[in-house]
Amino acid sequence: MDKIIIHGGHPLTGTVKISGSKNSALPILAATLLTKDPCVIQRVPDLSDVHYMLQILAHLGAEVERASGVVTVKAEEVKSVAPYEIVRKMRASICVLGPLLGREKEATVSLPGGCVIGDRPIDLHLRGFEALGAAVRVHGGNVKVLAPSLHGATISLKGKFGTTVLGTDNVMMAAVLADGTTIIEDAAREPEVVDLANFLNKMGAQITGAGSSQIVIEGVKELHGAEHEVIPDRIEAGTFLIAGAIAGGKVTINRVRFDHLAALTDALLACGFYVGGANGVLTIHANGSLKSLHLKTQPYPGFPTDMQAQMCALLATAPGESSVTESIFPQRFMHISELKRMGAAIELDGATAKIRGVDSLSGAPVMASDLRASAALVLAGLLAEGKTEINRVYHIDRGYEMLDDKLGELGAHIERVKV
Ligand code: EPU
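The rules behind each value
- Residues numbered from 1 in each chain as written.
- Predicted model: local features only at pLDDT ≥ 70, side-chain atom pairs only at ≥ 80, totals over all residues.
- Heavy atoms only, no water.
- Near = heavy atom within 4 Å.
- Polar contact = N/O pair within 3.5 Å; in protein donor to acceptor, adjacent residues only side chain to side chain.
- Areas by Shrake-Rupley, 256 points an atom, 1.4 Å probe, with all protein chains shown as cover.
- Helix = DSSP H or I, 4+ residues; strand = E, 2+ residues; numbered from the N terminus.
- Nonpolar A, V, L, I, M, F, W, Y, C, P; charged D, E, K, R; others polar.
- Domains from an automatic or database assignment.
- Contact = heavy atoms within 4.5 Å.
- Buried area = accessible area lost by both parts, 1.4 Å probe.
- Salt bridge = Lys/Arg side-chain N within 4 Å of Asp/Glu carboxyl O.
- Pairing = 2+ DSSP bridges.
- Axes fitted to C-alpha atoms, helices over the stretch in contact; angles between N-to-C directions.

Trainee: Talk me through the site of the ligand; I want residue IDs and the actual numbers.
Mentor: For the ligand, the set of nearby residues contains 24 residues, the closest of which are Asp123, Leu124, Thr164, Asp306 and Ile328. The contact in question runs from an oxygen atom of the ligand to an N or O atom on the side chain of Arg91, over 3.0 Å. Burial of the ligand by the surrounding chains reaches 92%, relative to a free accessible area of 830 Å². Looking at the shell around the ligand, the elements that each hand over two or more residues are helix 1 (22-31), helix 5 (123-131), helix 6 (165-175) and helix 12 (371-383). Counting residues per element, the shell around the ligand draws most heavily on helix 5, at three residues. Of the residues belonging to the shell around the ligand, the class tally is eleven nonpolar, five polar and eight charged.

Trainee: If you had to explain the domain arrangement of the protein chain to someone new, which residues and values would you point to?
Mentor: Per the domain assignment, the segments of the protein chain are domain 1 (2-19 + 232-418) and domain 2 (22-229). With centres defined by C-alpha atoms, the gap from domain 1 to domain 2 works out at 30 Å. In this complex, domain 1 contributes 28 residues to the contact, which on the side of domain 2 involves 19 residues. Interface area for domain 1 against domain 2, summed over the two sides, is near 2000 Å², with a carbon-plus-sulfur share of 53%. Our count for the contact surface shared by domain 1 and domain 2 stands at two salt bridges. As a salt-bridge pair, Arg234 and Glu192 come within 2.8 Å of each other at their nearest N and O atoms. Scanning the region where domain 1 abuts domain 2 turns up nine residue pairs in polar contact (both at pLDDT 80 or more).

Trainee: So what's going on with the sheet that holds strand 20 (residues 345-349)? Which residues, and what values?
Mentor: Across the sheet, four strands lie side by side as 18-19-21-20; this open sheet has mixed pairing. Of all the strands in the sheet, the pair left with one neighbour each is strand 18 (294-296) and strand 20. Going across the sheet, the axis of each strand differs from the next one's by a mean of 15 degrees, ignoring polarity. Across three bridges, strand 18 lies against strand 19 (residues 321-325) in parallel orientation. From the neighbouring strand, His294 faces strand 19, where its bridge partner is Ser323. Sitting on the sheet, helix 10 (residues 308-315) is in contact with strand 18, strand 19 and strand 21 (352-356), with an inclination near 175 degrees to strand 19.

Below is the structure:
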């Protein structure tokens, strides 16, 4: 198991190339199951979650080839069963359910369990499949969906914590091959949903409204192969902006979409940083002193839950009182106790982290608990005095392509140690 060691206090300078989005690539790869033809997906990040998805596609019968960021999938024949051994490693495996149901009219996928960021039900996905005419049965740890035929329907995906991103993806992928018109109300508006809809449309689907809360899908008889480039990873981009902010210096990120980053760049401007650029290139540097902030995670276009932990790390040394409220995953605060071990003064009050800015953090051995919590600990380590040792870094490798190498190129004193 690798660990990452950081000696903090070194400003970062330079330019970093942002990878393709993990959360776009995963459902897009799953969507290749909807056609017998080859599909070519570009800018696929080299991440363990992507490897798991390619393993699942191969298990389901697809031919998968991969060469430097380009993945070709040809799913001439597919099996409709994805067992526990193959899907247990990644919760996003659930997004093969929609395309398998759409194509085969049946699918059995092992149910994802909860995870450290909280209970992660799929009731909204299943509600959508039922509305399309599928019978749903949960048995022996698996969910089986079966439909003699799928028909269009009007479906609301509103749940207790708002809408669902992968649920919107799943219902959209099942509905593209249903008879008639499907209307998804309260759909997720995330850029990754739009990217998937764009790919499906290239395959011959007829989807309008993606990016708004109402998506309309006119069912078609079949889909064909297509080529697509995955959008830039807005969460990786945001993590590098905060790295530049927290470590000092001047960091430029390139190949990004400004519109996807607006909530984060607004927050960083409010914290007192300069953030600006043009043509997909964005630079951050200090612009006066760090200011405290009160923010709340929201579905897109609000502040993303996937940047919440990193923002807590930044605000740990902002003078005065800050607060960060988590409205998507109220228990997603595993990073707080580790940040406190580094000297942060943070108290949890329900789903709100109340942060009293301290003068500095100190390096410590800490434990990564999930992907974004781990990123927050790396960021804190860049600022902390002395040595920070981050254990269980496989969490980071699930979602950041060469994070330590990229930070090292910017001047961070960071190394990966094989244990
Ligand atoms: N929810 C339900 N019922 C459902 C589905 C979701 O109650 O059927 C609840 C969840 O428990 C949560 C909220 O709705 O409280 C939102 O969950 P959502 O379904 O939107 O999450 P997801 O689609 O499973 C994706 C990303 C997450 C990201 C969330 C929210 C992927 C592979 N994962 O998960 O990314 O946090 O949307 O934006 O796209 C990450 O990259 O680190 C990550 C966790």
